[in-house]
Amino acid sequence: MLPPNVAKEAAKDKELTPVMLANLHEVMNICTRLMLRDDSPHLKLRELCALNALPPPAAAIIAAPRGRIDFEIGLGKYGSGVLSVMCL
C-alpha cells in the first residue's frame, strides 16, 4: 500500500520510486487482460520506459496512434486521473 500523500508528491514531482514502478508494472500486466479476445495470444508487459527514452516503435505509436481511448479513473483518497491506451 502506498500512502496517498506519497503518491501525490510523486505525481507532482513526476518521479516514481523503484517500488512504485514495480507496482505500476504489475497493475499494467493485469490490465493487459482488457486487450485480449478469445483468440488473442498471451499478452504481457515487458518493460516500462520513460517518455523521453522510448524505443522508436513506441515513440511512433505515441506520435500517431491509429486508435486511442482515454479512461478517467478515480481512486478515492488518491484522487483522479486519466489512463490512455493507444494502439498501432
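Student: Mind laying out the overall build of the chain, listing which residues take part and the relevant values?
Tutor: Along the chain, the regular secondary structure elements total 3 helices and 2 strands. Each helix (α) and strand (β) of the chain, taken in turn from the N terminus, gives the series α-α-α-β-β. Each of the 88 residues in the chain was classed as buried or not, and the buried ones make up 7%. Look at the contacts in the chain between residues 6 or more apart in sequence, and 26% of them connect residues 24 or more apart. Charged side chains in the chain number 10 positive and 9 negative. The centres of these two groups are separated by 1 Å.

Student: Which residues make up the side chain of N29, and what values go with them?
Tutor: Tracing the chain through its elements places N29 in helix α2 (residues 18-31). Ignoring any residue separated from it by four or fewer positions in sequence, one finds N29 in contact with K44 and L45.

Student: An account of the pairing of strand β1 (residues 67-74) is requested, with residue identities and associated values reported.
Tutor: As judged from the 8 bridges shared by β1 and strand β2 (residues 80-87), these two strands associate in the antiparallel manner. Of the residues in β2, the one forming a bridge with G74 is S80. The turn joining β1 and β2, which pair antiparallel and follow one another in sequence, is formed by 5 residues; a positive phi near 50 degrees is taken by G76.

Student: Mind laying out the side chain of T32, listing which residues take part and the relevant values?
Tutor: Tracing the backbone shows T32 in the loop between α2 and α3 (56-63). By relative accessible area, T32 is classed as buried at 10%. Here N29 takes part through its backbone oxygen, which lies 2.5 Å from a polar atom of the side chain of T32. Residues within four places of T32 in sequence aside, it is in contact with L43 and L45.

Student: Break down the confidence of the model for the chain for me, citing the residues and quoting the values.
Tutor: The predicted model of the chain averages 88 in pLDDT, with 100% of residues at 70 or higher. No element of the chain has a lower mean pLDDT than β2, which averages 87, and none a higher one than β1, which averages 93.

Rules used throughout
- Residues numbered from 1 in each chain as written.
- Predicted model: local features only at pLDDT ≥ 70, side-chain atom pairs only at ≥ 80, totals over all residues.
- Heavy atoms only, no water.
- Helix = DSSP H or I, 4+ residues; strand = E, 2+ residues; numbered from the N terminus.
- Buried < 20%, exposed > 50% of the residue type's maximum accessible area, 1.4 Å probe, protein only.
- Contact = heavy atoms within 4.5 Å.
- Lys, Arg positive; Asp, Glu negative; His and termini not counted.
- Charge placed at Lys NZ, Arg CZ, Asp CG, Glu CD.
- Pairing = 2+ DSSP bridges.
- Polar contact = N/O pair within 3.5 Å; in protein donor to acceptor, adjacent residues only side chain to side chain.
- pLDDT = per-residue confidence, 0-100.

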